[in-house]
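# Tertiary structure, described
Read off the chains here:
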Amino acid sequence: IYYAVFTLLLLAGATLIALAARVSRAAVAGGAVCLALILAGVLVHLAPSIAYRSANGANAAAERHPRESELFALKLSDLVFPIDLHRIELLARFTAEYKAASPIRSEPMGLGPVAAAGFVALLIVALAVLVGARAGPPVLRHSAAAALLAFLIGTVGGLSTVIAQLVTPQIRGWNRISIFIAFFAFLAVAVGLGALGRRLGTRPLRQAAFVAVLGAVLVFGLYNQITYVHVPPYELASSYADDRRFVSEIDRRLPEGAAVFQLPHLPFPEGGQQAGLFENDLLRGYLHSDDLRWSFGATKGRPEEWVDDLAGLPTATVLDAAVAVGFAGLYVDRFGYPDGADALESEVRARLSSEPITSGSGRLSFFDLREHASRLEAEHSPEELAAFRQAVLEPFRFEESGFLPLERSRSNGLWFAWADAPDAELRIVNPSDAQRTAVFEATLDRVGGTPADVVITFPGAAPTPYRTPAQLRRRLTLPPGETVI
């Protein structure tokens with residue numbers, strides 16, 4: 001979507017320039033047709049998401065803030081300064097010190113010296129044209145206009161900020177328009193090299209010199225744009241093969257179409273890092289099996305991401321929940337735990353009375369949950385299991401008015417919220433079609449200052465005064481929809 005938006009904005013700018021300069025009706029019409037075709041393609045592509053959002057509302061977890069368009073904006077300095085971790089230590093230190101002192105640290109976008117020289121040349125051409133000079137062939141002048149327009153769109157406080165404030169903040173990585181700028185800059189380099197080649201002529205010795213210049217520019221550019229970080233991590237080949245053997249063994253043990261529950265739980269997308277586990281590491285299983293199903297990957301902020309509500313609960317409860325909703329196995333990535341999952345697996349062994357299989361590297365472990373499922377079915381009635389399954393798959397949601405957004409403590413998994421209004425409301429949402437019961441437990445407290453008097457009204461009860469700190473516990477009957485506290 002980013003590059004479609006960038007293209008639409010550049011095309012719109014080019015069409016307006018053609019209209020203002022009275023280039024030709026064909027140019028204006030061509031721009032308008034291209035805009036319509038790209039916009040139609042984008043809308044067709046996004047149609048399922050638009051329909052889902054229309055039916056289910058916006059996803060608060062995926063909403064962007066306008067200030068993010070400043071944090072991830074384009075900066076001239078980042079375009080022309082040496083790239084991160086440059087091969088030459090002096091240049092690498094220069095860039096590192098600049099970024100360490102900069103209040104806005106966007107994604108890497110260094111053009112490299114060859115393209116940076118082309119970009120500077122385009123800026124000079126654009127300024128020369130502004131004062132009436134005829135600088136270079138049309139393709140160079142057009143590239144200069146396009147590069148300048150792209151820079152004005154993406155730069156800090158540029159058109160990107162206007163769009164974020166007035167239209168939508170969902171497009172935030174405006175620095176990525178640097179790829180378009182790099183393309184226009186290389187066009188300038190190509191025009192310059194082409195002019196040099198024509199000036200040198202067709203004599204063999206001069207042609208050889210020209211080839212040498214091209215080779216030198218290529219080597220110089222590659223040397224300055226590729227660092228040791230870009231060397232592919234070839235050691236991953238053995239890790240990949242180890243994962244394949246491990247998942248194949250899981251596949252062999254479980255029936256076709258079986259579901260595998262994964263721990264630890266990370267939100268998706270942009271789940272960050274937990275211990276040594278990176279945000280997409282739990283996708284490894286998908287790479288090596290065609291029919292197993294995996295718990296990781298449900299979009300955060302949506303009802304399908306019910307696993308998040310199990311975070312912080314006792315291990316035994318999490319295992320029972322996984323089995324109740326149909327998972328046949330448990331996959332553990334030990335890199336996600338500071339202790340290598342020793343405590344977790346000790347609890348799992350005690351609950352299942354079985355040992356796991358492990359990957360060759362020792363990173364992954366797998367427990368078969370099917371015997372535990374049989375024990376639960378023997379110990380509980382079908383009605384009890386059905387109620388438990390509903391509690392897992394349709395957890396109560398919280399919405400608030402007069403509170404800051406609910407947050408989860410990383411230390412104990414508990415939810416907390418700061419009230420910032422005198423008449424705050426906490427709404428518990430029952431997403432099912434049936435009346436359900438639940439126990440509401442909370443600690444009411446004031447951080448700093450003297451104890452405070454707070455009046456709480458539970459549904460079906462009279463307003464009750466409390467004095468902080470106070471422990472709240474109330475059994476609630478929750479009809480479908482919202483219940484207000």
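That block above? That's the structure.
Conventions we followed
Every residue gets a number counted from 1 within its own chain, in the order that chain's sequence is written. Where local features are concerned, this predicted model is filtered to residues with pLDDT of at least 70; where side-chain atom pairs are given and counted, the filter is 80 or more; whole-chain, interface and lining totals use all residues. Computation of side-chain values covers all heavy atoms of the structure but excludes hydrogens and water. Under the DSSP-based scheme used, a helix requires at least four consecutive residues in state H or I and a strand at least two consecutive residues in state E, with every element numbered from the N terminus. Only C-alpha atoms enter the radius of gyration, while the globule expectation follows 2.2 Å times N to the 0.38, with N the number of residues. Buried residues are those whose accessible area, probed at 1.4 Å on protein chains only, stays under 20% of the maximum for their type, while exposed residues exceed 50% and partly exposed ones sit between those limits. Each pair of strands is called paired provided DSSP finds at least two bridges between the two strands. Here a cavity means grid points, on a 1 Å grid over the protein atoms only, where a 1.4 Å probe fits yet cannot get out; a pocket means an open set of points with protein on both sides within 12 Å along at least five of seven lines; lining residues are those with an atom within 4 Å of a point. Grid points are joined across faces, edges and corners, and a volume is the space filled by probe spheres set on the points. Residue polarity is assigned by list, with Asp, Glu, Lys and Arg as charged and Ala, Val, Leu, Ile, Met, Phe, Trp, Tyr, Cys and Pro as nonpolar; anything else, Gly included, falls into the polar class. Only the stretch in contact is used when fitting a helix axis, every axis being a line fitted to C-alpha atoms; angles between N-to-C directions are given from 0 to 180 degrees. Side-chain atoms within 4.5 Å link the members of a nonpolar core, which is a set of buried Ala, Val, Leu, Ile, Met, Phe, Trp, Tyr and Cys residues. Here a residue-residue contact requires only that any non-hydrogen atoms of the pair lie within 4.5 Å. Centres within 6.5 Å are what make two rings of Phe, Tyr or Trp a pair, Trp counting through its six-membered ring; a difference in plane orientation under 30 degrees is then read as stacked, over 60 as edge-to-face, and the rest as tilted. Charge-over-ring placement is defined geometrically: NZ (Lys) or CZ (Arg) within 6 Å of the ring centre, and within 35 degrees of the ring normal.

### Re the overall build of the protein chain
Secondary structure summary: the protein chain contains 16 helices and 14 strands in total. A compact globule built from 485 residues should have a C-alpha radius of gyration of about 23 Å, whereas the protein chain, at 30 Å, is more than 25% larger. Along the three orthogonal principal directions, the C-alpha set of the protein chain runs to about 90 × 55 × 50 Å. Relative to its full complement of 485 residues, the protein chain shows a buried share of 35%.

### Observations regarding the sheet that holds strand 5 (residues 364-368)
Read across the sheet, 5 strands follow the order 2-1-3-5-4 without closing on themselves; strand pairing throughout is mixed. Lying at the two open borders of the sheet, with one neighbouring strand each, are strand 2 (293-294) and strand 4 (357-358). By the bridge criterion, 2 bridges tie strand 4 to strand 5 in an arrangement that is antiparallel. Its bridge partner lying in strand 5, Thr358 is registered against Ser365.

### Some details on the layout of surface pockets
It is a probe the size of a water molecule, rolled over the atoms, that shows where empty space is left. In this structure, the second largest pocket encloses a volume near 1100 Å³. Forming the boundary of the second largest pocket are 31 residues, of which Ile1, Leu46, Arg53, Gln170 and Ile171 lie nearest the centre. Among the elements of the structure, helix 1 (2-20) and helix 2 (25-56) are those that each provide at least two residues to the lining of the second largest pocket. Ranked by residues supplied to the lining of the second largest pocket, first place goes to helix 2 with 8 residues. Here the residues of the lining of the second largest pocket sort into 18 nonpolar, 5 polar and 8 charged.

### Side note on the sheet that holds strand 9 (residues 425-430)
An order of 6-9-14 is seen for the 3 strands of this open sheet, with the pairing classed as antiparallel. Each edge of the open sheet is held by one strand with a lone partner, namely strand 6 (397-401) and strand 14 (481-484). Within the sheet, the average angular offset between the axes of one strand and its neighbour, ignoring direction, is 30°.

### Brief notes about empty space enclosed by the protein
Counted according to the given criterion, the structure contains 1 cavity of 30 Å³ or more. Considering only enclosed or pocket space, the largest cavity measures out at about 30 Å³ in volume. As for the largest cavity, its lining consists of Gln262, Pro264, His265, Leu266, Leu282, Ser295, Phe296 and Val307. Along the lines of polarity and charge, the residues of the lining of the largest cavity split into 5 nonpolar, 3 polar and no charged.

### Topic: the nonpolar core
Counting 33 residues, the largest nonpolar core has Leu79, Leu111, Phe119 and Ile181 as the members making the most contacts within it. At the level of secondary structure, the elements contributing two or more residues to this core comprise helix 1, helix 6 (113-130), helix 7 (138-154) and helix 9 (178-200). The residues contacting Leu111, other than those within four sequence positions of it, are Leu79, Ala116, Phe119, Ser178, Ile181, Ala182 and Gln225. If you look at the next biggest cluster of nonpolar residues, it comprises 24 residues, including Tyr337, Val348, Phe367 and Leu376.

### Thoughts on the packing of aromatic side chains
The geometry of an aromatic ring pair is captured by the separation of the ring centres together with the interplanar angle, meaning the angle of the planes. Across all of its chains, the model carries 16 aromatic pairs by this definition. Measuring from centroid to centroid gives 6.0 Å for Phe6 and Phe180, while their planes differ by 90°, and the two rings are edge-to-face. Highlighted residues: Phe6 in helix 1 and Phe180 in helix 9, separated in sequence by 174 residues. Judged by its relative accessible area of 0%, Phe6 is buried. For the ring pair Phe261 and Phe327, a centre distance of 5.2 Å and an interplane angle of 75° mean the geometry is edge-to-face. Taken together, the residues span a long stretch of sequence, with Phe261 in strand 1 (residues 259-263) and Phe327 in strand 3 (residues 327-333) at a distance of 66 residues. Under the relative-accessibility criterion, Phe261 is labelled buried at 1%. Grouped by ring-pair contacts, the aromatic residues Tyr2, Tyr3, Phe6, Trp174 and Phe180 constitute a single cluster. In this arrangement the basic side chain of Arg87 is found over the ring face of Tyr228, its NZ or CZ atom lying 5.0 Å from the centre.

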